[in-house]
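Observations on the model geometry
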Amino acid sequence: MTERAEHGCTRPEIGDLLSAYELGLLDEPDRLRVENHLQDCPACADELYANAPAAEALRAEPGL
């Protein structure tokens, strides 16, 4: 069991893409997979919301 699964992720193999999604690094097929996953996975949606300020700061200042 992966750490993400232990925290309630419904599809850890997709949830593992969340960090790259937050930074806008995914190609369109993976981006769509994550967006679909977020609709059905409260654990990942909560993680995305919690990490939003840090992800926004990294997008604005990539060298931080």
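Residues numbered from 1 in each chain as written. Predicted model: local features only at pLDDT ≥ 70, side-chain atom pairs only at ≥ 80, totals over all residues. Heavy atoms only, no water.

**Let's talk about the overall build of the protein**
A count of helical and extended segments in the protein gives 5 helices and 0 strands. Ordered by position from the N terminus, the helices and strands of the protein form the series α-α-α-α-α. A buried classification covers 22% of the 64 residues belonging to the protein. For the protein, the computed accessible surface area is about 4500 Å², with 53% contributed by carbon and sulfur atoms. (Helix = DSSP H or I, 4+ residues; strand = E, 2+ residues; numbered from the N terminus. Buried < 20%, exposed > 50% of the residue type's maximum accessible area, 1.4 Å probe, protein only. Areas by Shrake-Rupley, 256 points an atom, 1.4 Å probe, with all protein chains shown as cover.)

**Comments concerning helix H4 (residues 28-40)**
With 13 residues, H4 ought to run about 18 Å at 1.5 Å a step, and its terminal C-alpha atoms sit 19 Å apart, in line with that. For H4, every residue scored as buried is listed here: Val34, His37 and Leu38. All buried residues of H4 project into a common sector of 105 degrees when viewed along the axis, lining one side. In this structure, H4 carries Glu28, Pro29, Gln39 and Asp40 as exposed residues pointing more than 90 degrees from its buried face. Those residues of H4 that are buried lie in contact with helix H2 (12-15), helix H3 (18-22) and helix H5 (42-60). The N-cap of H4, judged by a side-chain oxygen 3.0 Å from the amide nitrogen of aspartate 30 a few residues on, is aspartate 27. (Expected span 1.5 Å × (residues − 1). Arc of directions from axis to C-beta. Contact = heavy atoms within 4.5 Å. Polar contact = N/O pair within 3.5 Å; in protein donor to acceptor, adjacent residues only side chain to side chain.)

**Describing the environment of glutamate 13**
The residue glutamate 13 is located in helix H2 in this model. Take glutamate 13: its relative accessible area is 44%, and that puts it in the partly exposed class. For the pair glutamate 13 and valine 34, spaced 21 residues apart in the sequence, the C-alpha separation amounts to 10.0 Å. Within the local environment of glutamate 13, its side chain forms a polar contact with the side chain of arginine 11, the two groups lying 2.8 Å apart.

**Details of the packing of H4 against H5**
The geometry of H4 relative to H5 is characterised by a closest axis approach of 6 Å and an angle of 110 degrees between their N-to-C directions. As summarised for this structure, H4 and H5 are arranged roughly perpendicular, according to the angle between their axes. Residues His37, Leu38 and Asp40 of H4 form the contact with H5, whose participating residues are Pro42, Cys44, Ala45 and Leu48. Class assignment for the residues of the contact of H4 with H5 results in 5 nonpolar, 1 polar and 1 charged. (Axes fitted to C-alpha atoms, helices over the stretch in contact; angles between N-to-C directions. Parallel < 35°, antiparallel > 145°, perpendicular 65-115°, else oblique. Nonpolar A, V, L, I, M, F, W, Y, C, P; charged D, E, K, R; others polar.)

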